[in-house]
Structures are given as structure tokens and as C-alpha cells.
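# Tertiary structure, described
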Amino acid sequence: MTVRTRFAPSPTGYLHIGGVRTALFNWLLARQQGGQFILRIDDTDSERNIEAALQPILDGFRWLGIDWDEGPEVGGGHAPYFQSERLERYQSAARKLLESGHAYRDYATPQEVAEEREAAEKEKRDFVYSRRWMAETEEDCQRFEAEGRSFVVRLKMPREGTCQIDDLVRGEVRFEWSREQDHVIQRADGTCLYHLASVVDDHDFEITHVVRAVEHLSNTPRQIFIAQSLGYELPQYAHIPFVAEPGSKNKLSKRKIEQYMKNRDFKKLFDRGQAIAERVGVAVEPNSFNPVLVDFYREVGFLPDAIVNYLLLLGWSLDDKTEDFSRQQMIDLFALERVVKSAASFDPEKLLVFQQRYMNDLPVDQKVALCLPYLQRAGLVVDPADEETLTYLAAIIRAADDRVAVAGDILNFDDFFVADEALVYESKPFEKRLVKPEDAGELLAAFRESLADVDDFTTERIDAWLHQFCESKEIKIGQIIHALRVAVTGKAAGFGMFETMEILGRERTVRRIDRALEQLSQRAK
RNA sequence: GGCCCCUUCGUCUAGCGGUCUAGGACUCCGGCCUUUCACGCCGGCAACACGGGUUCGAGUCCCGUAGGGGUCACCA
């Protein structure tokens, strides 16, 4: 029997990082066993524009390299893969349950059920539906309908015995049937509810392993009841822990970013992303742009492999030291038995570490390809870029080295892409490095004059030149190099100063120093 | 509140009765390197929730307690 797993997103428009991890585990299991991974769309309830809300989710999975064998856009032998298009299947299942006595028509109004529930609560006893409006015969139905009532279909749950789940992650888990409710599976308007739909689909799609987050564990008995009543063979269940908030054990939710912002690391990650987003024209709207959602990482320039690797280790480990996994390795080595049972908090810092590692391993031309769009969208480089620009960019990226951790970080080196006349001097460093030290202007001017004599304007020669200059002036290098950096880049920090000058070239370097000196003298007036 | 799940450094985790005076990674702290920033290197702080058992021996098994979480819809 081939292994078939599934992930069933609701078309909400957003791909949640926790959902991705669940999908990843399903995907890994299927790939490892040579089986199929299926995407099914749980849209039994939503009335909104499915198309628009689904696209970002599919795009997200594709971007992450999590592909599906059956589902939207790829089809498959079990189509359709949208629950909204499978209503007849559910209704037919509901009918079967009715016929076999595992479900009944219930003519109670929602208020009547609510009253029973409240009464039970008041008396501090467990709520058990009285089944007062349960129709067992045609006569019952006619009688209730004569009263103007309509029916929903409810499960007729067993009221004794236990339900045992043999969970692949958690082992044996038992529930008392008597505590289960007579859940509604079909509404008065004939539409069906999630649990019925889910069980029917899993069966129709021949799903062998249901790998999902623990919050579904307590829903499992009713699903088992449905499946067994329908004569289905049960799938294997594996309830994995959910991804928790940074620094807490609560379930990570996209609605709580306000609160997460109080977390230092989360805030840091967000700020970094926001700075990039603002420059490339991505709307920083908390509903769509925040680190709980996959889109955030894509917009900012993360690498899919880094995210997937990080997520893999959030709730799973191979051993006590292995951290880096290629796709093939994770497929080969993944094992449900090694899934951790407790919830794991999302750690933005550690994710960044993975990102940094993966970025570092990339050849320069790939980094160029990743970074270029950011410069273009920020209006710093024309599209398409010419060969010269690409070479120039490559030199910068090489020099910047690990300072470009996410592709959008290239914008920290925007000073290389603005005209010398348009270079902006950040006020604080300008103050500290040029205005305050009284000899800064003088030294800088002298050094600038000497630059004409550097025979070869390369990193090595400039390096030697400046050291020689310092020696002749009897100053330490620190007394001039900071002023030089601010004058040439406008910033206090950056990569090697000599590399910076070589990349910029003699002419531009000199022009920038001149301009800085000009502004300095104007300030003095 | 009922039911269910979970509980090793701040975080992610290793540990499946003796090799644990508990290992690794990230963070943090100190130092080195250094023209800034980042990297890198060296070092350091830091955990078996608690209480009972079982056993010659428990982080590892059992039972309680506590804490955290999930779930209890004509939502998915």
C-alpha cells in the first residue's frame, strides 16, 4: 500500500508558518515512502472568493519547494479537491449514517440545544443532549415538520465504552465515548460540516496517514466514529505539536503580532523586514506582512531551504548534533517516531542563523540574482540591468560577504547605487567622525590630494597607501579612516574601506570626499 | 469547569535504568581579532517542575501534585 498524506488548508489568503511545518512533515513522509502528498482545500464554510484567497497559499508552497501530487492546479485521479465541490459525497455519507442508525435527524432549534447546555452547566453536570427532538421514524419527522421545524443530522454517538487511538507520535490515547457529543454533521440547509467532510475525503482520497497538529487530537474520536460507522478502514494518526509563540507555549497565531512585538527577537526580525519592505514598495500591513506568515520571508528575501530546514528542526531532530539537512537528507532521514511531543516556540534568531548559513553557501551569481530585484524595485538599478551593473553588484556582494544575510539586506549598501551628488550623509556619524574631531577635515583633504598619486587603485594599493599616509602624518589609522568612511559612503558602518574605494573607483571616491569636505566647511560657517 | 496532551539550560533539543559531576546548537556574558559593522576564534553563565514509590541504581519506569497548553460550535 502506498503512503498517501494530505494537508488541508482553508483558503484564508495566508500561509501560516505553523501550517507549513505540518505540511512539511506530511510531505516528507510521502516523499520518503515513495507515496503521494495531496493538497485538499477545506472550504466547506467560507463564502469568499476562493480563487484569490487560495493563490497565495499555493504560491507559498511552490516557493518553499513543497510540491503536491494531487490537488488544485495539478488535478489527480480523485478530483475534485475542493470540499465545496464534493457536497454530494458528504450528503450521501450522511444518508448512509442515517440509514444505519449511526446518525439521526434532529429537529431541535439551536436555542433549544443551547438551553439544555446552559441548564447542564448551571447544575454543574456534563452536558448530554437529551435527544428530545430526535426523529426515529417517518411519523416523528412529519410531526416535527408540522410544527414548522427543520432538521440537522447529528451523530448518534455511543454512550459507553472507550475509544482508543494508536497515535504514531503519542502512543495510545483513550477517550470515553460517553463524553462525546452528538455532533452535527449536516446543517438544515443540507450543507455538511468539517468533520464529516474530512473523514469522507480522507477515505475517498485513500489517505493512509493523517498527520496534523495536536489540537485535532480531541476531535479524533468523532472522526473515528464516523469512519467506522461508514465501514472505512482507519488511517494512521500522528498528532504533532503545534508551533508556539516566541518564548511561550501558546499556539502561534497571526492575530497576536501586536503582542509578539514585545518580544525582542521577534521585533528585530519584523523591523528588519519592514525596513526592506518599505523600500521596495511592499505594504506593511500586519494582516499580510508579519513573521508568522510565509509571505513575509519571501518579500524580505529569505531562502526557502533555510526556512524549511529551520521548521524541520522545530519539533523534530535526528540526533544530538545534526542541524543541516538538504532536501534529500530530510526526506531520507525523517521519522515520525522522532517527532518531539511538546510544543516548540518559534525562535526568530535561530531562523536567522539558518538563513545566514544558507545564504553564505550560495555562489555569488546566485546572490546577485536574488539581490538585484530589490535594488530594481527600490529604483536604484534599472530593469533590465546591464552587464556592467551585474559585475559591479557582484563585486559589492563579494565584499559585503555575510553582511547580506537576507537578499533585501543589499539595500544597506544603497550608497553604491546613488550618484555622488545625491549621497546622503547620515547626520550622527557625520557629526562624530567629521565635525567633532578638529583635524578630520584637514587630514581628509590631505589624503584626498595624495590619492591622485596611487598608481593602481586597488584594495591592496589603497591599503598600503593609507598606512603610509598615516605613518608620514604620525597618526593612527583610526584617526582618519572613520572620517573617510563617512565621507565616501555616508554611513558609519560597512565592509572593508579599501574594497569600498576600489569598487567605487578613484574618481567617485575623490568626488565624494570633496563633497563631504564641502559640506563640512559649510557647516563651519 | 470536564476531557485530553505536554513538562531537560532563556530558546531548539540529545538522553530510550548505570557511560549524566546531563551533551550539542542559538541567545546572553567575558576575551581575542580588527578601520567600523558583521563574521570568525577562545572561554563562561545556564536545565532534568515538585513529591512519593519501583530498583543495588532513575533525567530515564509507575503513581500523585503543580504548572503550561489544547479542546469542548449548525468554525475549519
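Residues numbered from 1 in each chain as written. Chains lettered and ligands numbered in written order. Predicted model: local features only at pLDDT ≥ 70, side-chain atom pairs only at ≥ 80, totals over all residues. Heavy atoms only, no water.

### Considering the overall build of chain A
Along chain A, the regular secondary structure elements total 21 helices and 12 strands. Taken over the C-alpha trace, chain A has a radius of gyration of 32 Å; the compact-globule value for 525 residues is 24 Å, which it surpasses by more than 25%. A principal-axis box enclosing the C-alpha atoms of chain A has dimensions of 110 × 50 × 40 Å. Here chain A, with 525 residues, has 52% of them falling under the buried criterion. Sequence-distant contacts, at least 24 apart, represent 72% of the contacts inside chain A between residues at least 6 apart. Accessible surface computed for chain A: about 24800 Å², of which carbon and sulfur atoms make up 48%. If you average the places of the 68 positive and of the 89 negative side-chain charges in chain A, the two averages end up 4 Å apart. (Helix = DSSP H or I, 4+ residues; strand = E, 2+ residues; numbered from the N terminus. Rg over C-alpha atoms; globule rule 2.2 N^0.38 Å. Buried < 20%, exposed > 50% of the residue type's maximum accessible area, 1.4 Å probe, protein only. Contact = heavy atoms within 4.5 Å. Areas by Shrake-Rupley, 256 points an atom, 1.4 Å probe, with all protein chains shown as cover. Lys, Arg positive; Asp, Glu negative; His and termini not counted. Charge placed at Lys NZ, Arg CZ, Asp CG, Glu CD.)

### Some thoughts on the packing of helix 11 (residues 304–312) against helix 13 (residues 348–360)
Interaxial distance between helix 11 and helix 13 falls to 8 Å at its minimum, and their mutual angle equals 135°. As far as their axial angle goes, helix 13 and helix 11 are oblique. The crossing of helix 11 and helix 13 is right-handed. Listed contacts from helix 13 to Asp-305, Ala-306, Ile-307, Asn-309 and Tyr-310 of helix 11 are Lys-350, Leu-351, Phe-354, Gln-355 and Tyr-358. Of the residues in the contact of helix 11 with helix 13, the class split is 6 nonpolar, 2 polar and 2 charged. (Axes fitted to C-alpha atoms, helices over the stretch in contact; angles between N-to-C directions. Parallel < 35°, antiparallel > 145°, perpendicular 65-115°, else oblique. Left-handed = near helix turned anticlockwise from the far one by under 90°. Nonpolar A, V, L, I, M, F, W, Y, C, P; charged D, E, K, R; others polar.)

### A word on the protein's contact with RNA strand B
Around RNA strand B, the surrounding shell holds 61 residues, and the nearest of these are Ser-10, Arg-117, Arg-187, Arg-403 and Gly-494. Near-protein atoms of RNA strand B (within 4 Å) split between backbone and bases, with sugar and phosphate holding 73%. Within the backbone of Asp-320, a nitrogen or oxygen atom sits 3.4 Å from a base nitrogen of RNA strand B. When contributions to the surface near RNA strand B are tallied by element, the ones reaching two or more residues are helix 4 (110–122), strand 7 (171–176), helix 6 (194–204), strand 12 (344–345), helix 13, helix 19 (478–489) and helix 20 (497–504). (Near = heavy atom within 4 Å. Polar contact = N/O pair within 3.5 Å; in protein donor to acceptor, adjacent residues only side chain to side chain.)

### Describing the pattern of salt bridges
Between side chains of opposite charge, a pair can form when the charged atoms approach closely. Applying the stated criterion across every chain yields a total of 45 salt bridges. Across the pair Asp-324 and Arg-357 runs a salt bridge whose closest N-O atoms are separated by 3.1 Å. Here Asp-324, found in the loop between helix 11 and helix 12 (327–333), pairs with Arg-357, found in helix 13; they are 33 residues apart in sequence, far enough to count as distant. By relative accessible area, which is 29% here, Arg-357 ends up partly exposed. Between Lys-491 and Asp-414 there is a salt bridge; the shortest N-O distance is 2.5 Å. Remark: Asp-414 occurs in the loop between helix 15 (387–400) and helix 16 (427–435) and Lys-491 occurs in the loop between helix 19 and helix 20; sequence separation between them is 77 residues. The pair Lys-491 / Asp-414 is uniform in exposure class, with both members buried. A single network of salt bridges, built from pairs that share partners, joins Arg-6, Arg-40, Asp-42, Arg-86, Arg-89, Asp-201, Asp-202 and Asp-204. (Salt bridge = Lys/Arg side-chain N within 4 Å of Asp/Glu carboxyl O.)

### Digging into the pairing of strand 7
On a regular strand, one side chain projects to one face of the sheet and the next to the other, so that they alternate. As judged from the 6 bridges shared by strand 6 (residues 162–167) and strand 7, these two strands associate in the antiparallel manner. Looking at the pairing, Asp-166 lines up with Glu-172 of strand 7. (Pairing = 2+ DSSP bridges.)

### Let's talk about the pairing of strand 1 (residues 4–7)
Residues of strand 1 alternate between two faces, with Arg-4 and Arg-6 on one and Thr-5 and Phe-7 on the opposite face, all of them buried. In terms of strand pairing, strand 1 meets strand 2 (residues 36–39) through 4 bridges, oriented parallel. Residue pairing in the sheet places Phe-7 in a bridge with Leu-39 of strand 2. Regarding the hand of the β-α-β motif, the stretch spanning strand 1, helix 1 (residues 17–32) and strand 2 is right-handed. (Right-handed = clockwise from strand over helix to strand, strands pointing away.)

### Details of unusual backbone geometry
Outside of glycine, negative phi angles account for most residues, and trans bonds account for most peptide bonds. The peptide bond linking Ala-79 to Pro-80 adopts the cis configuration, its omega dihedral lying at 0°. Within the secondary structure, Pro-80 is located in the loop between helix 2 (50–64) and helix 3 (87–99). Cis geometry is found at the peptide bond from Asp-383 to Pro-384, where omega equals 0°. Not every positive phi belongs to a glycine, and Glu-206 is a case in point at roughly 60°. Within the fold, Glu-206 resides in the loop between helix 6 and strand 9 (209–213). With a relative accessible area of 48%, Glu-206 lands in the partly exposed category.

### Side note on the environment of Gln-186
Here Gln-186 shows up in strand 8 (residues 184–186). Exposure remark for Gln-186: the relative accessible area of 10% places this residue in the buried category. Between the C-alpha atom of Gln-186 and that of Val-153, which follows or precedes it by 33 residues, the distance is 4.9 Å. Sequence-distant contacts of Gln-186, that is, excluding residues within four places in its chain, are made with Gln-91, Ala-94, Val-152, Val-153, Thr-191, Cys-192 and Leu-193.

### A few points about the confidence of the model for chain A
Of the residues in chain A, 99% reach a pLDDT of 70 or more, and the chain-wide mean stands at 94. Here the prediction assigns the complex a pTM of 0.95, and the interface score ipTM is 0.95. (pLDDT = per-residue confidence, 0-100.)

### A word on the environment of Ser-198
Looking at the secondary structure, you find Ser-198 in helix 6. The sequence separation of Ser-198 and Asp-42 amounts to 156 residues, and the corresponding C-alpha distance is 8.3 Å. Apart from residues lying up to four places away in sequence, Ser-198 is in contact with Arg-6, Arg-40, Gln-83 and Gln-223.

### Comments concerning the sheet that holds strand 3 (residues 103–106)
Ordered by their spatial adjacency, 4 strands build an open sheet running 4-3-5-8, and the pairing between neighbours is antiparallel. Looking at strand neighbours, the two that pair on one side only are strand 4 (134–135) and strand 8, the edges of this open sheet. Note: strand 5 (residues 152–155) against strand 8, 2 bridges, orientation antiparallel. Bridging from a neighbouring strand, Val-153 pairs with Gln-186 of strand 8.

### Re the packing of aromatic side chains
A full pass over the atoms with the stated rule returns 20 aromatic pairs. Ring geometry for Tyr-107 and Phe-151: centres 5.5 Å apart, planes at 55°, overall tilted. Here Tyr-107, found in the loop between strand 3 and helix 4, pairs with Phe-151, found in the loop between helix 5 (138–146) and strand 5; they are 44 residues apart in sequence, far enough to count as distant. A residue is classified by how much of its surface remains accessible, and Tyr-107, at 0% relative accessible area, is buried. Note on Phe-151: relative accessible area 24%, which makes it partly exposed. Grouped by ring-pair contacts, the aromatic residues Phe-270, Phe-289, Phe-296, Tyr-297 and Phe-302 constitute a single cluster. Above the ring of Phe-151, the side-chain terminus of Arg-105 is found at 5.0 Å from the ring centroid. Above the face of the Tyr-374 ring, Arg-377 is positioned so that its terminal group lies 5.8 Å from the ring centre. (Phe/Tyr/Trp six-rings, centres within 6.5 Å; stacked < 30°, edge-to-face > 60°. Lys NZ or Arg CZ within 6 Å of the ring centre and 35° of its normal.)

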